[in-house]
Amino acid sequence: MSNKMWGGRFTSGPDAIMETIGASIDFDWHLYRQDIAASKAHAEMLAKQGIITKDDARQIAHGLDTILSEIGSGKFKFKRALEDIHMNIESRLAELIGPAAGRLHTARSRNDQVATDFRLWMRERIDDINALLGDYQRALAEKALEHAGTVMPGLTHLQSAQPVTFGHHLLAYVEMASRDRGRFADAQSRLNEMPLGSAALAGTSFPLDRNMTAEALEFDRPMANSLDAVSDRDFVMETLAAASIAAIHLSRLAEEIILWTSPLVGLVKLSDKFTTGSSIMPQKRNPDAAELVKGKTGRVIGALNAILIVMKGLPLAYGRDMQEDKEGTIDALSTLAVCIDAMTGMVRDMTPDTERMKAAAGEGYSTATDLADWLVQNLKMPFRDAHHVTGRIVAQASKGNVPLHELSLADMKKIESKITKSVFDVLSVERSVQSRVSYGGTAPKNVAVQAKKWLKTLDKERQ
């Protein structure tokens, strides 16, 4: 039989495969709260404008509240034959209140309906992710303050570079998360326009008050172009771009945790809460949570790639291929939320081996730059000359297999006669980090100030 939603034009039912390829209820049921909220706002506006009666609007609102309760309690039966969340709700509404249900779809289409629902859903998910990122920042900043003076190796090319502090390293991720939150906020501000009332693509002849509906749904304004309103998925692409960058930032820290917790490196320990064992090797402690965060990043990036490919050649206005915007996005944002939560837990859980960190910070002649800076500051040597002299001194220390701070003054003087014993004041890893007092540098007092500043900011957000 034909589908009763558009049965006037069709005389027979769809092929069986159409249910499989066309149904979206398996994932767009997530939008039920948003669909009901938008429908209630639409019905109220229709009644105010005299397009439907106030009695019909009251029946519709009551029926929608009943459906909301049924879905929330698990009593509602979703039907794949009805394709999507909109038709499932409308069909049930008709069962509950009869012919009045048919008036709800006046002056709207599934095209503007789904675009509105999805924007509402995305707006809420961005709020959720923002809160999770705030908790993640707090965990990092608290740990950073605790370890503002804990020296660790700073690396470039994964090779020893210069000593930094563990707190400084963690605050780098606080800054990344701040930019992530900014990108989500930007995406949210741009998506907060309402498509509803654009109908299928051309608007409607009914005298709607779209500003009333937009205000009821807390949109900033109705969208100004009906073609754009039903066919735009910029808000999905932009949000997934922000999600992908955030996931990549999480993945970078996850990879560092994996490296740090390896017995070959041994800078950090994770407890049983975030590690697993081996089915065959009883000694193993695997950083599975960090590995999964790193792996799940691919799902988030994949969702972005998918929607970019769907939209890249799509003419105006709506096409059914745009249905592919939801499944990947719902999965991606859910995945990102889990990953943020897991990373927050790992940050709070991880315990640095401060002695090992300090020892590793001095390996690879990491204070060589401090020596070069000392030559510039005390001997007024051009930096390029100081760089060359320092390289020769490092080579001498390497030849004798001694750390830079244990090389004798006499050996240094053979290379640069003006060097004095005060040079040893800058060659320890502690003095190295203490000297990095430039704004944004790793000096412990800088780190403590920045960590406290972030914690104060995050406290204000909570309030």
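Before any of the text, the structure's been laid out above.
To keep things clear, this report deals only with the structure shown in the data block.

**Side note on the pairing of strand β1 (residues 151-156)**
Where β1 meets strand β2 (residues 159-165), six bridges bridge the pair, whose relative direction is antiparallel. Following the sheet pairing, L155 is matched in β2 by S160. Following β1, the chain reverses through two residues before pairing antiparallel with β2; H157 in that reversal takes a positive phi of roughly 60 degrees.

**Re the pattern of salt bridges**
Oppositely charged side chains can form a pair if their charged atoms are brought close together. Evaluated as defined, the whole model comprises 30 salt bridges. We note a salt bridge from D65 to K40, for which the minimum N-O separation is 2.7 Å. Placement of the pair is D65 in helix α4 (residues 54-73) and K40 in helix α3 (residues 32-48), with a sequence separation of 25 residues. D65 gets classed as partly exposed once you look at its relative accessible area, which sits at 35%. Two residues, R138 and E142, come together in a salt bridge whose shortest N-O distance is 3.9 Å. Here R138 pairs with E142, and both are found in helix α6 (residues 110-146), just four residues apart, close to one helical turn. We classify E142 as partly exposed; its relative accessible area is 36%. One salt-bridge network, held together by shared partners, links E70, K79, R92 and E95.

**A closer look at the environment of A360**
With respect to the helices and strands, the residue A360 is situated in helix α13 (residues 354-361). Residue A360 is classed as buried on the basis of its relative accessible area, which comes to 7%. It is 8.5 Å that separates the C-alpha atoms of A360 and S160, two residues lying 200 residues apart in sequence. Residues contacting A360, with those up to four places away along its chain left out, are P153 and L267.

Procedures and definitions
- Residues numbered from 1 in each chain as written.
- Predicted model: local features only at pLDDT ≥ 70, side-chain atom pairs only at ≥ 80, totals over all residues.
- Heavy atoms only, no water.
- Pairing = 2+ DSSP bridges.
- Helix = DSSP H or I, 4+ residues; strand = E, 2+ residues; numbered from the N terminus.
- Salt bridge = Lys/Arg side-chain N within 4 Å of Asp/Glu carboxyl O.
- Buried < 20%, exposed > 50% of the residue type's maximum accessible area, 1.4 Å probe, protein only.
- Contact = heavy atoms within 4.5 Å.

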